[in-house]
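Observations on the three-dimensional arrangement
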Number of protein chains: 2
Amino acid sequence: MNKCDQCIVRQLSSLKALNKDEVIQLANSKTTYKIKKGEAIFEEGEVTNGVFCIKDGVGKLSKLSANGKDQIVKLVQSGELLGQRSMISNEPANLSAKAVADMEVCFIPKAEILHFFNNNNQFSMNLMQSVCEDLKESENDKIALVQKTVKQRLAETLLHLYDAFGENTDQTLKVQLTREELAGIIGTATESCIRLLSDFNKLELIELVGKKIKLKNIKALKKLSE
Amino acid sequence: MNKCDQCIVRQLSSLKALNKDEVIQLANSKTTYKIKKGEAIFEEGEVTNGVFCIKDGVGKLSKLSANGKDQIVKLVQSGELLGQRSMISNEPANLSAKAVADMEVCFIPKAEILHFFNNNNQFSMNLMQSVCEDLKESENDKIALVQKTVKQRLAETLLHLYDAFGENTDQTLKVQLTREELAGIIGTATESCIRLLSDFNKLELIELVGKKIKLKNIKALKKLSE
DNA sequence: AATATACTATGATAATTGTCATATTTAATG
DNA sequence: CATTAAATATGACAATTATCATAGTATATT
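Residues numbered from 1 in each chain as written. Chains lettered and ligands numbered in written order. Predicted model: local features only at pLDDT ≥ 70, side-chain atom pairs only at ≥ 80, totals over all residues. Heavy atoms only, no water.

A closer look at the protein's contact with DNA strand C
Close to DNA strand C lie 17 residues, the nearest being Val150, Thr188 and Ser192 of chain A together with Arg195 and Ser198 of chain B. Near the protein, within 4 Å, the atoms of DNA strand C are sugar or phosphate in 61% of cases. One of the side-chain N or O atoms of Ser192 of chain A is found 2.8 Å from a phosphate oxygen in DNA strand C. Here Arg179 of chain B contributes a side-chain N or O atom positioned 3.0 Å from a phosphate oxygen of DNA strand C. Elements represented by at least two residues in the surface near DNA strand C include exactly α8 (190-202) of chain A together with α8 (190-202) of chain B. (Near = heavy atom within 4 Å. Polar contact = N/O pair within 3.5 Å; in protein donor to acceptor, adjacent residues only side chain to side chain. Helix = DSSP H or I, 4+ residues; strand = E, 2+ residues; numbered from the N terminus.)

Here it is as structure tokens:
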């Protein structure tokens, strides 16, 4: 078994509050999985009974609508925990979690997490803060959905992807999303998303390199998003 | 000082986990306020340093946009706690809290809450669950904003107001919101909201009694909202 | 009771965005 | 490498929703 002590999740998530003994306990109870791009970690409605540590890769939390569109609520990356909310609420997952890029995740059973929660104040506070952070982001997203146009939201999302995931050596965005996924994040039709990307391209705000996207004028994108 | 033991907030919120001694401690540290309709409990950007218990009345959590519109994120009522998120995150309030109907609230200093959080596992779990519940609602709202039309969201919101706040003896909705506030909840222009209410009225889904709203065909509203 | 002020209502119009149709390009599979 | 499938792109059009204008109605204030 790997020693969780070195793991990026241990360094970045609420788990950083765990002491040596707790980390050993963690290492003993975890199970590691590999998930290929496109596959699901868990589906909406599933009972998860634990949380998932993202060791590597990128995932999306999304919900399928009646008309077959997949609305993406959040992107998650290595270092983050997944499934905390449903575990705490004792509810089946409200959203599906799928891999956007090949992932490596560890499953930690509910009992372990609850034990840490009840015996390590710093851990419970960290977990609480992380959910609070999610809540704040969700509320702000909600407001943006109403108060901003699709164009503004696209600009905002591109900037966010740049900040959160960085760029490749050719300066294209590191997270490789399909246009459909990008549309699912900003909450619009795929065609509208593609059309606006074309516009941005013509205006030289971005450059479309095949399916990849390069941000060319960040300042202008920022201004546009406000 | 009032004994918090009898208080509705104590019965409904995370505070129900407090034991006798803790309730006495709570009662000694709280301050009670009255807030008139329209007035603010706290404003966006303010540092609150504690949470507010809502003893009576109805409040709204909202954010002002650049164009002067007030987007309502959540309505809160007696029995609920307010300001938990910013307190836990150590951040200024992300939203403003204002009274929609005359309110009575108690302020509990941060130190008290943190003390309970660190010493009472049931309390910290309750608090955690309540934030998780908010998160789930916010995520679902976000999805509804994208996937549903304004008409659907209006129907949904009317049903929610009915469920959450009930009706007066004349069967009109108990929460008395202006059309502007209602528009702020569903995320649309005030005129669009008024227009759709008119339509609903003509279709006999609702009845407009002055500024009040009576739900006349709940089944049809439900169907419409899906 | 009279005036002012805020709220509700409705029409006309414009802007935004979604939908459907159809190429075109790229990737996948035998 | 050929064929199929999937993703991207673009045009044409329709539907939804916002904005501006204006009028009516209720509420508050003096």
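Here's the deal with the UniProt feature "domain: HTH crp-type" (unreviewed entry) in chain A
The UniProt entry lists residues 148-219 of chain A under the feature "domain: HTH crp-type" (unreviewed entry), expressed in the numbering used here. Regarding residues 148-219 of chain A, the helix share stands at 54% and the strand share at 11%, and the terminal C-alpha atoms are separated by 18 Å. (UniProt positions renumbered as here; feature names shortened; annotations may be inferred.)

Some remarks on the interface of chain A and chain B
With 38 residues of chain A in contact, the opposing surface of chain B contributes 38 residues. For the pairing of chain A and chain B, the buried interface totals around 3900 Å² over both sides, and the portion due to carbon and sulfur atoms is 64%. Sorting the residues of chain A by area buried against chain B places Met128, Leu135 and Lys142 of chain A first, and these three jointly supply 17% of that buried surface. Between the two partners, chain A and chain B, sit 4 salt bridges. Between Lys142 of chain B and Asp141 of chain A there is a salt bridge whose closest N-O contact spans 2.8 Å. For the pair chain A and chain B, the interface holds 15 residue pairs in polar contact (both at pLDDT 80 or more). Breaking the side of chain A that touches chain B down by element, the ones donating at least two residues are β3 (50-64), β4 (70-77), α3 (84-89), α4 (110-119) and α5 (121-147) of chain A. (Contact = heavy atoms within 4.5 Å. Buried area = accessible area lost by both parts, 1.4 Å probe. Salt bridge = Lys/Arg side-chain N within 4 Å of Asp/Glu carboxyl O.)

Considering α5 of chain A
Between its first and last C-alpha, α5 of chain A extends 39 Å over 27 residues, near the 39 Å set by a 1.5 Å rise per residue. Capping the start of α5 of chain A is the job of one residue whose side-chain oxygen sits 3.1 Å from the backbone nitrogen of Gln122 of chain A: Asn120 of chain A. (Expected span 1.5 Å × (residues − 1).)

Describing the pattern of salt bridges
In this structure the tally under the stated criterion is 22 salt bridges over all chains. One salt bridge in this structure joins Lys60 of chain A and Glu181 of chain A, with 3.1 Å as the shortest N-O distance. Here Glu181 of chain A lies in helix α7 (residues 179-186) and Lys60 of chain A lies in strand β3, a separation of 121 residues in the sequence. By the burial criterion, Lys60 of chain A is buried, and Glu181 of chain A matches it. Among the ionic pairs, Lys34 of chain B bridges to Glu104 of chain B, the shortest N-O distance being 3.5 Å. Taken together, the positions of Lys34 of chain B in strand β1 (residues 31-35) and Glu104 of chain B in strand β6 (residues 96-109) put the pair 70 residues apart, joining distant regions of the chain. Assessed through its relative accessible area of 22%, Glu104 of chain B is described here as partly exposed. Each of the salt bridges in this network shares a partner with another, and the network as a whole consists of Lys34, Lys55 and Glu104 of chain A. (Buried < 20%, exposed > 50% of the residue type's maximum accessible area, 1.4 Å probe, protein only.)

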